[in-house]
Amino acid sequence: MADKLQELKAWVKSCAELCQPDEIVWINGSEEQKKRLEREAVASEEIVALHPKKLPGCFWHRTAINDVARTEHLTYVCTRKKEEAGPNNNWMSPREAYEKASEYFRGSMKGRTMYVIPFSMGPVGSIFSKVGVELTDSRYVVLNMLIMSRAGDAVLNQLKKKPEFTKCLHSKAELDITKRLILHFPEDNTIWSVNSGYGGNVLLGKKCLSLRIASHQARQEGWMAEHMLIMGIEEPNGHIEYIAAAFPSACGKTNLAMLIPPSGLKRKGYRIWTVGDDIAWMRIDTDGSLWAINPEAGFFGVAPGTNMKSNPMMVKTIKKNTIFTNVLLKPDKTVWWEGADGPVPLKGTDWQGRPWQPGMTDEQGKPILGAHPNSRFTAPIVNCPTASFRLQQHHGVPISAIVFGGRRAHLAPLVYQSFNWQHGVFVGATMASERTAAQVGKVGEVRRDPMAMLPFCGYNMADYFSHWLGMGAKMTNPPKIFHVNWFRTDENGKFLWPGFGDNLRVLEWILERCNNTAGAVKTPIGYIPKVNEIDKRGLHLPKENMEKVFSISRKEWREELKGIKEFFREFGEDLPDELWQEYKALKKRLGGA
Ligand code: OXD
Ligand code: MN
C-alpha cells in the first residue's frame, strides 16, 4: 500500500535539507514526550519552571528584546499577482520571497533539533477543521503549539484519511530582526517564518494559518475565517444563544468572552459560556444559519491588566499548565505584571532578565516596567471555568448576532443595530478605533480596522467585503449585525459606561432584538434601544450618562463620512458597489450640508 504520508515526509525531508538540523523529532502529543521537552527546555534555560504548588505545570519564558510583538512591516502575502494581496497587505512575489527566506533558513538549524508538529485547528476530523504541520527549531514553539492546537498522532491519522495540510516552516535562526520575515503563500498553502521567537509570528496555527491562510481558503470554499470571540449566553431555562464579536486589539475581547454578569442582573440567572477569545471559523449549515467553531485550543492573552476585576475567569485559567512570556519573575517562582492583583512585589527579574524593583526609572525618568506591555500567557481553554461544553463538538455553535466594536471616545453610541446584512457589512467595513495615549502617534487619530481584520486578511480586502456580502445572500437566517462602543467619554474624558460585566446589559438587548422581543428607535445610523430598554437595575449611572452614551451627532457623523470615503477610495474599482450604495444612503439619512 502506498505511504499515505508520502507528501508530508518528502516535504519534511526537503526542509531538513535546507535547514540542516542535527536530528528530527516528530511530536506525538503524548504527555510523556511533553514532559521530556519541558525538562530539556528547562535544562537549556529556554524556560524556567515555576512554583510547583502555586503554579503547577507553569513556566516562564523571555523573548529577545527586539522580538516582543507581531512585526506587521515584515509580514507578507506572497501571491503571483500583487492585486490579489490588495492595498491592505505587504506583498512580495513568491519567487523573491522563497529565494530571500531560503538564504536565512539555509543551515539555520545546525546544532539544533527540528521538531515536526502535526496539528489540527478545530476538533480533529471536524468538517470545519484544517490540518497544518509546523517544522520548528524551538522547543518553546512546540510547548505553545501543544496548548494552542490539537497536536500529535491523532492528526497524523487524520492526514492519512485526507492528505491536505498547510506547510508551516519556522526557524528562530539568529533572531535577527534585519532578517526577520513572516511569509504567507496562500496559493501553495504554505507559511514561512524566520528569525523570530514571538508567539504571533511563530505559533503558525494562530494568526498565520487560522486567519491569513484560512481567510483565503474560506473565500474559495465559501465560509468565513474571522478575528472574533465566540460566547454563549445561557438563560435560566437552559436556552443558550451565541454571539461572535470582532474588536481591534486592546478593546477587551478576551474579557468580554468570559464576562461575569453584574450583580444587578444576577437575579436573572444568566450564565456565560466561553467558546473562543480570538478566532471564529463560520459556515452556513443546512438550516440556513451561520455556525461557528473556535479553531484554537488555548488562549494567548495579554497579561498586563489581567486581574480579578477585569477578568476573574482568566485569573483562574492561568493557575496551571500555563506558559508566561515576558512577565516579571518573582523570587518565589511566581509571576507578576503591571495591573496584577495583590501588592507590587519588592523585587524580581524583569522581562529583559534584569534585577527589578518598584520605582526604578530609565534615563528619561520613565518607569521601568516589570512586564512588557505585550507580555502574554498561553493557557489551555479547558482550564477556564466558563469553557463551553460545546468546544469539542464538531458542529460548532449557531450564531445569533455578529457584533462589531471600536474604541471611539466620540461618535458611536453604546450600541446600534444595522438595518440589514448589507448595511451590517458596511458597519463592519468602516469599523475604527481612536488612538489612545497608550499608543504611539496622535491621540484621537482614527484608525480604520475593518472587521478587526486589517492585519489578518490574507487577500485583497475589497474582495473580502464582496465575500461578506455574498455570504449574507446565501443565508436564509443570517445573524443580525450590531455595533458597540464601550469607550465613549464625556467632555472631561471620563468613560460614560462602566464596561466589563455591565456590557451584558447591552448583549441582553442585542439578543432580544434577535428574538424580536425588544423595540428600537430608528436613527440615521441604525436602530438604538428605546429609553428603558437597557436593564439598568443595580447600575447606578447618572441619567445624563445614558443620554450621552446614546447621543448621535449628525455633524460628527458627516465628518466621519469623509474618513470613510478616503478609506474606501484606497480600494479603487475593486470596492463592491454595495458599500458605496450604503455610504450614499447614510449620507442621505444624515442630511445637511
Ligand atoms: C492578538 C492580536 O494577539 O490580535 O490576538 O494581536
Ligand atoms: Mn487577536
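Keep in mind that what you see is a predicted model, and the values were worked out from it rather than measured. (Residues numbered from 1 in each chain as written. Chains lettered and ligands numbered in written order. Predicted model: local features only at pLDDT ≥ 70, side-chain atom pairs only at ≥ 80, totals over all residues. Heavy atoms only, no water.)

Quick word on unusual backbone geometry
The phi torsion at Asn-189 lies on the positive side, around 50°, for a residue other than glycine. Its location among the elements puts Asn-189 in the loop between strand E10 (181-185) and strand E11 (190-194). In the Ramachandran plot, Asn-326 falls in the positive-phi region, its phi being about 65° despite a non-glycine side chain. If you trace the backbone, Asn-326 turns up in the loop between strand E19 (323-325) and strand E20 (328-329). (Helix = DSSP H or I, 4+ residues; strand = E, 2+ residues; numbered from the N terminus.)

Considerations on the packing of aromatic side chains
With the rule as written, the count across this model stands at 26 aromatic pairs. Seen in terms of ring centroids, Phe-568 and Trp-580 are 5.4 Å apart; in terms of plane orientation they differ by 90°. Their pairing is edge-to-face. With Phe-568 in helix H16 (residues 554-569) and Trp-580 in helix H17 (residues 577-590), the pair connects residues that are 12 residues apart, well separated along the chain. The exposure class of Phe-568 is buried, given its relative accessible area of 0%. Put simply, the rings of Phe-404, Trp-421, Phe-426, Tyr-459, Tyr-464, Phe-465, Trp-468, Phe-567, Phe-568, Phe-571, Trp-580 and Tyr-583 pair up and form one aromatic cluster. The side chain of Lys-207 reaches across the aromatic face of Phe-456, ending 4.3 Å from its centre. The ring of Phe-419 carries Lys-522 above its face, with NZ or CZ at 5.2 Å from the centroid. (Phe/Tyr/Trp six-rings, centres within 6.5 Å; stacked < 30°, edge-to-face > 60°. Buried < 20%, exposed > 50% of the residue type's maximum accessible area, 1.4 Å probe, protein only. Lys NZ or Arg CZ within 6 Å of the ring centre and 35° of its normal.)

So, the environment of Phe-119
Inspection of the secondary structure assignment puts Phe-119 in strand E6 (residues 113-121). Separated by 37 residues in sequence, Phe-119 and Leu-156 place their C-alpha atoms 8.3 Å apart.

Some words on the nonpolar core
If you look at the biggest cluster of nonpolar residues, it comprises 152 residues, and the most contacted ones within it are Trp-281, Met-282, Ile-402, Phe-404, Trp-468 and Ile-510. Looking at which domains feed residues into this core, each of domain 1 (6-45 + 73-222) and domain 2 (226-297 + 389-590) gives three or more. For Ile-510, the residues in contact, after removing those within four places along its chain, are Ala-401, Val-403, Val-415, Phe-482 and Val-484. With 32 residues, the next largest nonpolar core counts Leu-8, Cys-19, Ala-101 and Val-116 among its residues. (Core = buried A, V, L, I, M, F, W, Y, C linked by side-chain atoms within 4.5 Å. Domains from an automatic or database assignment. Contact = heavy atoms within 4.5 Å.)

Some details on the packing of helix H2 (residues 31-43) against helix H5 (residues 139-148)
Where H2 meets H5, the closest approach of the two axes is 10 Å, and the angle between their N-to-C directions is 145°. The handedness of the crossing between H2 and H5 is left-handed. Of the residues in H5, those touching H2 at Lys-34, Leu-37, Glu-38, Glu-40 and Ala-41 are Arg-139, Val-142, Leu-143 and Leu-146. Partitioned by chemical class, the residues of the contact of H2 with H5 number 5 nonpolar, no polar and 4 charged. (Axes fitted to C-alpha atoms, helices over the stretch in contact; angles between N-to-C directions. Left-handed = near helix turned anticlockwise from the far one by under 90°. Nonpolar A, V, L, I, M, F, W, Y, C, P; charged D, E, K, R; others polar.)

Quick notes on the site of ligand 1
Around ligand 1 sit Arg-70, Lys-207, His-227, Ser-249, Asp-278, Arg-376 and Phe-456, and those are all the residues in its vicinity. Between Arg-376 and ligand 1, the recorded distance is 3.0 Å, taken from a side-chain N or O atom to an oxygen atom. Expressed as a share of its isolated accessible area of 210 Å², the protein-covered part of ligand 1 is 86%. In the shell around ligand 1, the residues fall into 1 nonpolar, 2 polar and 4 charged. (Near = heavy atom within 4 Å. Polar contact = N/O pair within 3.5 Å; in protein donor to acceptor, adjacent residues only side chain to side chain. Areas by Shrake-Rupley, 256 points an atom, 1.4 Å probe, with all protein chains shown as cover.)

Here's the deal with the environment of Asn-485
Among the structural elements, Asn-485 can be located in the loop between strand E29 (480-484) and helix H14 (503-514). The sequence separation of Asn-485 and Ala-85 amounts to 400 residues, and the corresponding C-alpha distance is 30 Å. The contacts of Asn-485, once residues within four sequence positions are left out, are Gly-406, Arg-407, Arg-408, His-410, Ala-412, Pro-413 and Leu-414. From its side chain, Asn-485 meets the backbone oxygen of Arg-408 in a polar contact 2.8 Å long. Only 2.8 Å separates the side chain of Asn-485 from the backbone oxygen of Ala-412, close enough to count as a polar contact.

Here's the deal with the sheet that holds strand E24 (residues 376-380)
Overall, mixed pairing links the 5 strands, which are arranged E2-E3-E19-E24-E18 in an open sheet. Edge positions in the sheet fall to strand E2 (48-49) and strand E18 (298-302), since each has one partner strand and no second. Across 2 bridges, the pairing between E2 and strand E3 (residues 59-61) is antiparallel. Following the sheet pairing, Ala-49 is matched in E3 by Phe-59. (Pairing = 2+ DSSP bridges.)

Considerations on the pattern of salt bridges
Tallying each qualifying case throughout the model produces 38 salt bridges. Two residues, Lys-167 and Glu-7, come together in a salt bridge whose shortest N-O distance is 3.3 Å. Taken together, the positions of Lys-167 in strand E9 (residues 166-171) and Glu-7 in helix H1 (residues 6-19) put the pair 160 residues apart, joining distant regions of the chain. With relative accessibility at 17%, the residue Lys-167 sits in the buried group. With a relative accessible area of 43%, Glu-7 lands in the partly exposed category. (Salt bridge = Lys/Arg side-chain N within 4 Å of Asp/Glu carboxyl O.)

Some remarks on the coordination of the manganese ion (ligand 2)
Coordination of the manganese ion (ligand 2) by the protein is provided by Lys-207 (NZ), His-227 (NE2) and Asp-278 (OD), with metal-donor distances spanning 2.1 to 2.2 Å. Of note, the donors binding the manganese ion (ligand 2) are all from one chain and are spaced K-x19-H-x50-D. Here Asp-278 lies in the loop between strand E15 (271-276) and strand E16 (280-284) and Lys-207 lies in helix H8 (residues 205-221), a separation of 71 residues in the sequence. Overall, the relative accessible area of 8% leaves Asp-278 in the buried class. (Donors = N, O, S within 2.8 Å, 3.2 Å for Na, K, Ca; no water.)

As for the state of the cysteines
Overall, the coordinates contain 0 disulfides when judged by the stated rule. Between Cys-15, a cysteine without a disulfide, and Cys-19, which holds the nearest cysteine sulfur, the sulfur-to-sulfur distance is 6.2 Å. Left without a disulfide partner, Cys-384 is nearest to the cysteine sulfur of Cys-58, which lies 15 Å away. (Disulfide = S-S within 2.5 Å.)

Describing helix H4 (residues 94-105)
Under the 1.5 Å per step criterion, the end-to-end length of H4 is 16 Å for 12 residues, consistent within 8% with the ideal 16 Å. Where H4 is concerned, the buried positions are Pro-94, Ala-97, Ala-101, Ser-102, Tyr-104 and Phe-105. The buried residues of H4 occupy an angular sector of 155° when the element is viewed end-on, so they sit on one face. Opposite the buried face of H4, by more than 90 degrees, sit the exposed residues Arg-95 and Glu-99. Of the surrounding elements, those touching the buried residues of H4 are H1, E9, E10 and E11. Of the residues one or two after H4, Gly-107 is the one with positive phi, at around 70°. (Expected span 1.5 Å × (residues − 1). Arc of directions from axis to C-beta.)

Functional significance is not addressed by these values, which are geometric in nature.
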